[in-house]
Amino acid sequence: KALDAAVRLYHELADTNAHRHDLVVSFGGGVTSDLAGFVGSTFARGMRVVHVPTTLLAQVDAAIGGKTGVDLPHGKNLVGTIYQPLAVICDIDLLEELPAEEIRSGLAEVIKYGMIADPGLLELVESRASEIEARDPEVLREIVSRSAAIKASVVAADETDRGTRHVLNYGHTFAHAIEQSTGYDALRH
């Protein structure tokens, strides 16, 4: 999630004669959707973007809401835009082979949504933890759809992050500082 990666993608787009009416599709986790969204929002003054998130964290949070960006050594997401994707396509089958630590990382965001908007989501995670760990499609579909709906409703109320949307930063303010101080390598989201 760095400027040099964005520059490489700008060159690839220019080399293929991409223009603003083309479509950028990201396929990956939150880093991928942040980077692809940033490049799509800035190349040719804005291209349409579709995200296909492949991690739980990206399906419930990172790919939704239009915040794009790259990191600098000074901090996370210091260069970026708010640019809504045309669509976010969440296929829970993509979560089937994720390592357990990736599922736990995404569950941290699901728990956040339970704490800020849907206590029943907390109960669901607690009561069906073994099914989540086993990648039960029914439970994953439920937590992804409920979490995504919460994120989308908060974003719809405050797209540009001037007030209400700050509730989504629950835990992020100090966590981003910790991630930055460890070089973004030591801790997961």
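Let me sum up the structure you'll find in this document. For clarity, every value in this text was computed on a predicted model and none was experimentally measured. (Residues numbered from 1 in each chain as written. Predicted model: local features only at pLDDT ≥ 70, side-chain atom pairs only at ≥ 80, totals over all residues. Heavy atoms only, no water.)

1. Observations concerning the pattern of salt bridges
Per the stated rule, a full pass over the model turns up 11 salt bridges. A salt bridge links aspartate 34 to lysine 1; its shortest N-O distance comes to 2.7 Å. A residue pair is termed long-range when its members are at least 10 positions apart, and aspartate 34 in helix α2 (residues 30–42) and lysine 1 in the segment before α1 (3–15) qualify at 33 residues. Note that lysine 1 is salt-bridged to aspartate 71, the shortest N-O span being 3.7 Å. Pair noted here: lysine 1 is in the segment before α1 and aspartate 71 is in strand β3 (residues 67–72), with a separation of 70 residues, a long-range link. Each of Asp61, Glu109, Lys112 and Lys151 takes part in salt bridges that share partners, so that together they form one network. (Salt bridge = Lys/Arg side-chain N within 4 Å of Asp/Glu carboxyl O. Helix = DSSP H or I, 4+ residues; strand = E, 2+ residues; numbered from the N terminus.)

2. Quick notes on the side chain of aspartate 61
In this structure, aspartate 61 sits in helix α3 (residues 56–62). Judged by its relative accessible area of 10%, aspartate 61 is buried. Once residues lying within four places of it in the same chain are set aside, the contact partners of aspartate 61 are Glu109, Lys112, Tyr113 and Lys151. (Buried < 20%, exposed > 50% of the residue type's maximum accessible area, 1.4 Å probe, protein only. Contact = heavy atoms within 4.5 Å.)

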